[in-house]
Amino acid sequence: MTGVPASAAGGSSSARRPGPRGASGAAQGPGERPVADARTTPVERTTPGGAVERGATEGGAGGRGGKIAAAAVNQASVWNVANLLTMLRLLLVPAFVALLLGNGGYDPAWRSFAWAAFAVAMITDLFDGHLARTYNLVTDFGKIADPIADKAIMGAALICLSALGDLPWWVTAVILGRELGITVLRFVVIRYGVIPASRGGKIKTLTQGIAVGMYVLALTGPLATLRFWVMAVAVVLTVATGLDYVKQAIVLRRQGIAERRAALKETEV
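Let me begin by describing the structure that accompanies this report. (Residues numbered from 1 in each chain as written. Predicted model: local features only at pLDDT ≥ 70, side-chain atom pairs only at ≥ 80, totals over all residues. Heavy atoms only, no water.)

### Looking at the overall build of the protein
Counting secondary structure elements, the protein contains seven helices and three strands. Going residue by residue from the N terminus, the α and β elements of the protein occur as α-β-β-β-α-α-α-α-α-α. Within the span of the protein, comprising 269 residues, buried residues form 34% of the whole. When contacts within the protein are restricted to residue pairs at least 6 apart in sequence, those whose partners lie at least 24 apart make up 58%. As displayed, the protein offers around 16,200 Å² of accessible surface, 66% of which is attributable to carbon and sulfur atoms. (Helix = DSSP H or I, 4+ residues; strand = E, 2+ residues; numbered from the N terminus. Buried < 20%, exposed > 50% of the residue type's maximum accessible area, 1.4 Å probe, protein only. Contact = heavy atoms within 4.5 Å. Areas by Shrake-Rupley, 256 points an atom, 1.4 Å probe, with all protein chains shown as cover.)

Printed below as a string of structure tokens:
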């Protein structure tokens, strides 16, 4: 709301002076009360993961559903629930190794405890990334620690099983070689873009977890035969998805180079 135009007030000096401004920034006429901005109302809330979210809601306190504006600023602490789950998975690695190798490495009871630790690590792997994306808890620590924790627990299990003679070393070499190779490949092509996680990669991870978990347990008879075939499927998926990632990386690099060349030609013109 603005002050009364000078022409309507007969050119008086009081009418020409702008009145005080309200919360919305509009000038108020003489004798009028400043009114609060009805369009936005500042809000602050804490997400279930521990992040403080600040922003504004449309339509004031009783606005349309109290939706938070897109300009809200999320301040995720390193000590959020997603990162705590990742830290737990890192701490479980030495505990898992100690349990798996306990009492010579062939005690069914110790290996059952090792399987429980491995299962908890796999379950937390499913939840920490989901929580981070859902509640805006993504941090630099999580980006680095999460893949390290994933490969640490899987690598420790594979190496220990091969050392005990339960799993051929070539299986361990194929799986770990693929994981490390794809990680390096992602960093090489990151200047051109990000290779998204595929559905095949997720199925591969799940199959690997089931297969390794079955090998951790002291299974005999038909279950021992079943775990062999589950591991065989895991190895096939590991190789197939690895080749798919290589293909995506090549395509992404070519597209990035082509776009850069096109941009240089436009600047020259």
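### Comments concerning helix H4 (residues 140-163)
Between its terminal C-alpha atoms H4 stretches 35 Å, which fits the 34 Å expected from 24 residues at 1.5 Å a residue. Once H4 ends, the next one or two residues include Gly165, with phi positive near 85 degrees. (Expected span 1.5 Å × (residues − 1).)

### Looking at a nonpolar patch on the surface
A surface patch of nonpolar side chains, about 410 Å² in accessible area, is lined by Val78, Trp79, Leu84 and Phe141. For Val78, the location among the structural elements is in the loop between strand S3 (73-75) and helix H2 (81-100). (Patch = residues over 30% accessible without salt bridge, like charges linked within 9 Å, V, L, I, M, F, W, Y side chains within 5 Å. Salt bridge = Lys/Arg side-chain N within 4 Å of Asp/Glu carboxyl O.)

### Brief notes about the environment of Val230
With respect to the element layout, Val230 can be found in helix H7 (residues 222-268). Owing to a relative accessible area of 18%, Val230 belongs among the buried residues under this scheme. For Val230 and Met214, which are 16 residues apart along the polypeptide, the C-alpha to C-alpha distance reads 8.8 Å. When residues no more than four places from it in sequence are discounted, the contact partners of Val230 are Thr207, Ile210, Ala211 and Met214.

### Considering the packing of aromatic side chains
Evaluation of the coordinates by the stated rule reveals two aromatic pairs. A ring pair is formed by Phe96 and Phe118, whose centres lie 5.7 Å apart and whose planes are at 40 degrees; its orientation type is tilted. Note that Phe96 is positioned in helix H2 and Phe118 in helix H3 (residues 108-134), a separation of 22 residues in sequence. The pair Phe96 / Phe118 is uniform in exposure class, with both members buried. For the ring pair Phe228 and Trp229, a centre distance of 5.2 Å and an interplane angle of 80 degrees mean the geometry is edge-to-face. Relative accessible area serves as the criterion here: at 46%, Phe228 is assigned to the partly exposed category. Taking the relative accessible area as the measure of exposure, Trp229 reaches 54% and is therefore exposed. In this structure, Arg227 is placed above the aromatic ring of Tyr215, and the distance from its NZ or CZ to the ring centre is 4.5 Å. (Phe/Tyr/Trp six-rings, centres within 6.5 Å; stacked < 30°, edge-to-face > 60°. Lys NZ or Arg CZ within 6 Å of the ring centre and 35° of its normal.)

### Quick look at a positive patch on the surface
On the surface, a cluster of positive charge is made up of Arg191, Arg253, Arg254 and Arg260. Within the secondary structure, Arg253 sits in helix H7. (Lys, Arg positive; Asp, Glu negative; His and termini not counted. Charge placed at Lys NZ, Arg CZ, Asp CG, Glu CD.)

### Section: the nonpolar core
Counting 30 residues, the largest nonpolar core has Phe96, Phe118, Val212 and Met231 as the members making the most contacts within it. Going through the elements one at a time, H2, H3, H4, helix H5 (169-188), helix H6 (199-216) and H7 are the ones with two or more residues in this core. Top element by residues in this core is H4. It accounts for seven residues. Not counting residues up to four positions away in its chain, the partners in contact with Met231 are Leu167, Val171, Ile175, Ala211, Val212 and Tyr215. Ranked by size, the runner-up nonpolar core spans six residues in total, among them Ile182, Val189, Ile195 and Leu252. (Core = buried A, V, L, I, M, F, W, Y, C linked by side-chain atoms within 4.5 Å.)

### A look at the pattern of salt bridges
Under the criterion given, the structure shown has seven salt bridges. For the salt bridge of Arg89 with Asp146, the shortest nitrogen-to-oxygen distance reads 2.7 Å. In this pair, Arg89 is assigned in helix H2 and Asp146 in helix H4, connecting sequence segments 57 residues apart. Since its relative accessible area comes to 0%, Arg89 is described here as buried. The shortest N-O distance in the salt bridge between Asp150 and Arg89 comes to 2.8 Å. Of the two residues, Asp150 is situated in helix H4 and Arg89 in helix H2; the sequence distance between them amounts to 61 residues. By the burial criterion, Asp150 is buried, and Arg89 matches it.

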